[in-house]
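Remarks on the overall topology
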Amino acid sequence: MPGKILKQTFMRKTYLLIIAFIFLQSYFLASCNSGDKTAPTAIPSDSLTIAKGEISFGEKCSSCHNFSQDGIGPQLGGITNAEPLSWLKNFISNPKKVSDSGDTTAAKLLKRYKVLMPSFDNLTDAQLDELIAFINTKKKHVRPAVKEDSGYITNPFPDSIRTSDLVVDIVPVTQIPASSSDAPVTRITKLDYEPGSGDLYVLDLRGKLYKLINGKPEVYMDMQKLEQKFINQPGLATGFGSFTFHPDFSKNGLLYTSHAEPAATKKADFNYPDSIPVIMQWVVTEWKTDPKGFPFKGTPRELMRIDMPNGIHGMQELTFNRDAKPGDEDYGLLYIGIGDGGSTEIGYPLVSANADRIWGTIIRIDPSGNNSTNGQYGIPPSNPFVKQHDKNFLPEIYAYGFRNPHRISWTSSGKMLAVNIGQSNVESVNLVLPGHFYGWPLREGTFTEKFFNETGRIYPLPPDDSIYHVTYPVVELDHDESTAITGGFEYRGTAIPKLRGKYLFGDIGSGRLFYVNMKDLILGKQAPIQKWSIDLNGIPTNLVKLSGKDRVELRFGKDSKGELYLSTKADGKIYKLVGAHLKS
């Protein structure tokens, strides 16, 4: 199995690392701003200030930064000795302003990571001092030398994605209330429908599930009130992670949610060696409620609890196959997308390496059963690892080898698709088949990922690639176009004939919009990607303009009729796709 090969590789690499000489890692940029570096006495060093800064770092920074290796953003060990204090404060407060000023360091950061850090201009001088005081306690990371060849790939897909003539007309649907004065003002991530009534619901990660009543959002469920241990920090996706209604909700009143709680709140059903830190836990809950009740009142039943080594790549997808009918093998089975918890970024790639662990997987369970280890849910007998001779394989797993299976959907032909958010290079759409291995952390898209090296570089596939049994994406794009993919549905409505036969998806940060033709989604091939544009009230526009933010935080949604929606977390707005035409 891929995990066994990975473990053998890990042991060989570890041996080489032990015998290799030790060197001091250079900071994340080859050159720094000119000017005096920060004097040690200029940064507070008292324990209270540092403790406050540690809390702030966990809430605001840890989802993108650590102190050992690059992730979504650069590792920050030693930064206070590399940059002037005034620069650090200005950049944290308003990175766009610093970047627009022509600052060379900011320009290099943007070129390297392809995304602008969000602003924290709401932080006071005292809060900035606290944050920097904590960062100042973390020195340059000392790391064993890794022999590095020069064959890495700097630009996976040199050709730019073509902008098609397709223009989609959108109309405003509603405005979700601000859940914080901090940017983004909302954290809306999912729009879905109740299958009986067709009513639309919108989720804010900070804890509220809204029902759209006559187009207006009304609070249906408040997780902060329902779960005393609920947290929505740290992490870009920490909080009220996902929700889904049972296909027969109108009769049985069953609703499923995922939410985050602090580490060690309760004993986890899935954990890892205690040498690896536990930062938080994800919890899946079944709620029994009155299908016609509003606002929500219900009785919870915990299905599972999972330890996580970081605040990112958690549990962002719960869903049912809505095409399955009563009597079908898939009817009433709950699919859950579980990320790797950032384990590879912080140096523990083996957490998500094999089908004997739940991280980096899509699992499928029967909420009405009880033959799981904890007795709270069932294992469908048709799951691919139920009858495996290796008893260590988790029978819950449907497919594995994902970094962050962000969204799952089904096509009109019955295919299951999942978008996978990549690390530093490649975003992908995957055709999901039971029991298949999708590569992470050995692969990022159709490239070799050298996770032993903190640079996040990728390389061509090895000559013996077939022994790893990787199922590769059917769609992939690099970070010149998208730094974090968001799915994404096949258009299955009737209002916009020009969208039929297309799978629409986008980039979370920039709000760029893409599509592929469904007929091109073939295993072993890469579907050609095209961009599409939007009009609002007949005027060409884009989501950056509409949200007023460079980071729009795009998501897609779908209603019971197959019509599609766009939402932008930055300003809490939701739009519906209502028509399409070709550019004249």
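Cut-offs applied
Residues numbered from 1 in each chain as written. Predicted model: local features only at pLDDT ≥ 70, side-chain atom pairs only at ≥ 80, totals over all residues. Heavy atoms only, no water. Buried < 20%, exposed > 50% of the residue type's maximum accessible area, 1.4 Å probe, protein only. Helix = DSSP H or I, 4+ residues; strand = E, 2+ residues; numbered from the N terminus. Contact = heavy atoms within 4.5 Å. Pairing = 2+ DSSP bridges. Axes fitted to C-alpha atoms, helices over the stretch in contact; angles between N-to-C directions. Core = buried A, V, L, I, M, F, W, Y, C linked by side-chain atoms within 4.5 Å.

Attention now moves to helix H4 (residues 85-93). Burial within H4 is extensive, with 7 of its 9 residues counted as buried. For H4, the set of buried residues is Leu85, Trp87, Leu88, Lys89, Phe91, Ile92 and Ser93. The secondary structure elements touched by the buried residues of H4 are helix H3 (79-82), helix H5 (95-100), helix H6 (104-113) and helix H7 (125-136).

Within strand S25 (residues 513-517), 4 of the 5 residues are buried, which leaves the element mostly enclosed by the surrounding structure. As paired elements, strand S24 (residues 502-507) and S25 share 5 bridges and run antiparallel to each other. Bridging across to S25, lysine 502 finds its partner in asparagine 517. Between S24 and S25, which pair antiparallel in sequence order, lie 5 residues; one of them, glycine 511, sits at a positive phi of approximately 75°. Inspection of the sheet shows S25 paired to strand S26 (residues 530-536) by 2 bridges, in the antiparallel sense. By the bridge assignment, phenylalanine 514 is partnered in S26 with lysine 531.

Our next topic: the sheet that holds strand S13 (residues 334-338). Strand order in this open sheet of 4 strands is S12-S13-S14-S15, and the pairing throughout is antiparallel. Of all strands in the sheet, those bounded by a partner on one side alone are strand S12 (317-320) and strand S15 (397-400). Neighbour-to-neighbour, the strand axes of the sheet open up by a mean angle of 20°, direction not taken into account. Pairing of S13 with strand S14 (residues 361-365), which is carried by 5 bridges, proceeds in the antiparallel orientation. When the sheet's bridge partners are listed, tyrosine 335 is paired in S14 with arginine 364.

This next bit is on the environment of valine 351. Relative to the helices and strands, valine 351 is located in the loop between S13 and S14. The exposure class of valine 351 is buried, given its relative accessible area of 2%. Note: C-alpha distance between valine 351 and glycine 341 (10 residues apart in sequence) is 8.9 Å. In contact with valine 351, other than residues within four places in its own chain, are Ile276, Ser343, Arg357 and Trp359.

Core analysis: the largest hydrophobic core is formed by 38 residues, its most contacted members being Met304, Ile306, Ile336 and Ile358. Elements supplying a minimum of two residues to this core: strand S9 (254-262), strand S10 (280-289), strand S11 (298-308), S12, S13, S14 and S15. A total of 4 residues in this core trace back to one element, the largest contributor, which is S11. For isoleucine 358, the residues in contact, after removing those within four places along its chain, are Phe270, Met304, Ile306, Ile338, Ile363 and Leu394.

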